[in-house]
Amino acid sequence: QVQLVESGGGLVQAGGSLRLSCVASGLTFSSYAMAWFRQAPGKEREFVAVIYWSGGSRIYADSVKGRFTISRDNAKNTLDLQMTSLKPEDTAVYYCAAGRVFGQKISQYAYWGQGTQVTVSS
């Protein structure tokens, strides 16, 4: 059974930082592209960042470029998202996802975590 478990969310002031983590089990971790998505209240789930199977390539949403860094450790089956210079508009539930395609669409990811809440106050 595949499980993805996120952690690290919380409440921070604008301009602050948070580091999110995702621990995966039940899958061959290195065979999957790993991504972060987020969903704010009243809005659709949106792409944040994705990292290639080996960790060599990354894609970021325009809204987070230069502020967020995605990374993975295939030896530990973990995925991280280092978030800096946080803005109120970053407030959302953040989800870890695993997929066979190095893409940016929700439909390309088969496995999802339960999410972790990030709240950025002004």
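See the structure printed just above.
The structure contained in this document is the topic of the report that follows. (Residues numbered from 1 in each chain as written. Predicted model: local features only at pLDDT ≥ 70, side-chain atom pairs only at ≥ 80, totals over all residues. Heavy atoms only, no water.)

Here we look at the layout of surface pockets
Put simply, the rule is: As defined here, a cavity is a set of points on a 1 Å grid over the protein atoms alone where a 1.4 Å probe fits but cannot get out. A pocket is an open set with protein on both sides within 12 Å along at least five of seven lines, and residues line them when an atom is within 4 Å of a point. Grid points are joined across faces, edges and corners, and a volume is the space filled by probe spheres set on the points.
Considered as a void within the structure, the largest pocket measures approximately 190 Å³ in volume. Residue lining of the largest pocket: 13 residues in total, with Arg-38, Lys-43, Glu-46, Glu-89 and Asp-90 positioned closest to the centre.

Digging into the environment of Val-120
Selection rule: Only DSSP runs of H or I covering at least 4 residues are called helices, and only runs of E covering at least 2 are called strands; the numbering of each starts at the N terminus. Whether two residues are in contact is decided by their heavy atoms: any pair within 4.5 Å suffices.
In this fold, Val-120 is placed in strand β11 (residues 116-121). Expressed as a C-alpha distance, the spacing of Val-120 and Leu-11, which sit 109 residues apart in the sequence, is 5.9 Å. Ignoring any residue separated from it by four or fewer positions in sequence, one finds Val-120 in contact with Val-12, Gln-13, Ala-14, Leu-86, Lys-87, Pro-88, Asp-90 and Thr-91.

Describing the packing of aromatic side chains
Threshold: Each Phe, Tyr or Trp ring, with Trp reduced to its six-membered ring, pairs with another whose centre is within 6.5 Å; inter-plane angles below 30 degrees give stacked pairs, above 60 give edge-to-face pairs, and intermediate values give tilted ones. Accessibility here uses a 1.4 Å probe with only protein chains present; expressed as a share of the type maximum, an area under 20% marks a residue as buried, one over 50% as exposed, and anything in between as partly exposed. Placement of a charge over a ring requires the Lys NZ or Arg CZ to be within 6 Å of the ring centre, with the centre-to-atom vector within 35 degrees of the ring normal.
Tallying each qualifying case throughout the model produces 8 aromatic pairs. Seen in terms of ring centroids, Phe-37 and Tyr-109 are 5.4 Å apart; in terms of plane orientation they differ by 70 degrees. Their pairing is edge-to-face. One end of the pair, Phe-37, is in strand β4 (residues 33-39); the other, Tyr-109, is in the loop between β9 (92-99) and β10 (111-112), and 72 residues separate them in sequence. On the basis of relative accessible area, Phe-37 is assigned to the buried category, the value being 0%. Look at Tyr-109 and you get buried, because its relative accessible area is 4%. Plain terms: the ring middles of Tyr-52 and Trp-53 are 4.3 Å apart, the flat faces sit at 80 degrees to each other, and that makes the pair edge-to-face. Taking relative accessible area as the criterion, Tyr-52 reaches 32% and is therefore assigned partly exposed. Here the aromatic residues Phe-37, Phe-47, Tyr-109 and Trp-112 are joined through ring pairs into a cluster of three or more. Of note, Arg-45 hangs over the ring of Trp-112, and the distance from its end group to the ring centre comes to 5.1 Å.

Quick look at the sheet that holds strand β7 (residues 68-73)
Put simply, the rule reads: One bridge is not enough; two strands pair if DSSP finds at least two bridges between them. Under this scheme, a helix contributes an axis fitted over its contacting stretch, all axes are lines through C-alpha atoms, and angles between N-to-C directions fall in the 0 to 180 degree range.
With respect to topology, 4 strands assemble into an open sheet ordered β1-β3-β8-β7, the strand pairing being antiparallel. Across the chains shown, the open sheet's two edge strands, defined by having one partner strand only, are β1 (3-7) and β7. Recorded for the sheet is a direction-independent mean angle of 15 degrees between the axes of neighbouring strands. Sheet topology note: the β1/strand β3 (residues 18-25) ladder contains 5 bridges and is antiparallel. Looking across to β3, one finds that Gln-3 is bridged to Ser-25.

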